[in-house]
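Here's the letter readout for the chains.
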Amino acid sequence: MDLTQLLSWACIVFTVGMFSTGLTDLKKMRESKSADNIQFLPFLTTCLNNLGWLFYGTLKRDHTIVVVNIIGALLQILYIVMYFIYTKHKRQVMLQTLAAAAVLICGWLYFTTFLTKGEARLNQLGLTCSVVTVSMYMSPLTDLVAIIRSGNVQVLSFPLTVATFFTSTAWVLYGLQLNDYYITVPNMPGIFTSLIRFYLFWKFESTGQSSPSYKPLHI
């Protein structure tokens, strides 16, 4: 097995593991018969991101990107359906889902109708997916600022932080191996934010928070 294949398997295993952390929220919804205290938008935006990268991987004929994002999209769709079943705000969830579907359709029409086939379409799609991924990794920074002020890390998930760190690292190395900066660059913020969270766990856990009950949050 060469280095590219090794990194490919690492990307698949770590990313599927990261996506699977949502199963904790799914279990919580099923046990409580409620979607209270669980965020819906991370499921929806992650699903859109998966579908965008799936299109990119299909055009690039990269089986690693295709496999990971097929599994990711299916898991996110499962989370969305279960959330809709248990939430009390079905109308709001439906409107948000329809808005996301409209964005997806408009994006599909743009990339398949108005752009010529070839490098131009692949580059624009890669740039778009990269911007979305970077925004998803950077969006929790405001939450991290609040955690620094409060000194409470119980709202963070340590297993998810570990999964995000290894997933982002694997994709950065895989992108470097392929000389594909659309893969490398958007995953660098994942490493950066994970290191910040590791520091927060070390700092605040060591100042008196013994055995915190970490609960998963999409941060």
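Conventions adopted
Residues numbered from 1 in each chain as written. Predicted model: local features only at pLDDT ≥ 70, side-chain atom pairs only at ≥ 80, totals over all residues. Heavy atoms only, no water. Phe/Tyr/Trp six-rings, centres within 6.5 Å; stacked < 30°, edge-to-face > 60°. Helix = DSSP H or I, 4+ residues; strand = E, 2+ residues; numbered from the N terminus. Buried < 20%, exposed > 50% of the residue type's maximum accessible area, 1.4 Å probe, protein only. Expected span 1.5 Å × (residues − 1). Contact = heavy atoms within 4.5 Å. UniProt positions renumbered as here; feature names shortened; annotations may be inferred. Patch = residues over 30% accessible without salt bridge, like charges linked within 9 Å, V, L, I, M, F, W, Y side chains within 5 Å. Areas by Shrake-Rupley, 256 points an atom, 1.4 Å probe, with all protein chains shown as cover. Salt bridge = Lys/Arg side-chain N within 4 Å of Asp/Glu carboxyl O.

Taken as a whole, this structure holds 13 aromatic pairs when the rule is applied. Judged by centre distance (5.0 Å) and plane angle (35 degrees), the ring pair of Phe40 and Tyr83 falls under tilted. One end of the pair, Phe40, is in the loop between α2 (22-32) and α3 (41-60); the other, Tyr83, is in helix α4 (residues 63-86), with 43 residues separating them in the sequence. Here Tyr83 falls in the buried class, since its relative accessible area comes to 9%. With centroids separated by 6.4 Å and ring planes inclined at 80 degrees, the aromatic side chains of Tyr56 and Tyr182 adopt a geometry described as edge-to-face. Of this pair, Tyr56 sits in helix α3 while Tyr182 is found in helix α9 (residues 181-205), placing the two residues 126 residues apart along the sequence.

Our focus in this paragraph is the environment of Phe166. Within the fold, Phe166 resides in helix α8 (residues 158-178). Separated by 148 residues in the primary sequence, Phe166 and Met18 place their C-alpha atoms 9.3 Å from one another.

It is worth spelling out helix α5 (residues 90-114) at this point. For α5, which comprises 25 residues, the first-to-last C-alpha distance of 35 Å matches the rise-based estimate of 36 Å (1.5 Å per residue) to within 8%. Turning to α5, the residues buried within the fold contact α3, α4 and α6 (119-138).

In the numbering adopted here, UniProt assigns the feature "transmembrane region" (unreviewed entry) to residues 6-26, 38-59, 65-86, 93-113, 125-148, 155-175 and 181-202. Within the segment residues 6-26, helix and strand shares are 90% and 0% respectively, and the terminal C-alpha atoms sit 31 Å apart. Structurally, residues 93-113 is divided into 100% helix and 0% strand, and its ends, taken at the C-alpha atoms, are 30 Å apart.

Another point: a nonpolar patch on the surface. Residues Ile70, Leu74, Ile77, Val81 and Ile85 make up a contiguous nonpolar surface patch of roughly 430 Å² in combined accessible area. As for its position among the elements, Ile85 is in helix α4. Taking relative accessible area as the criterion, Ile85 reaches 47% and is therefore assigned partly exposed.

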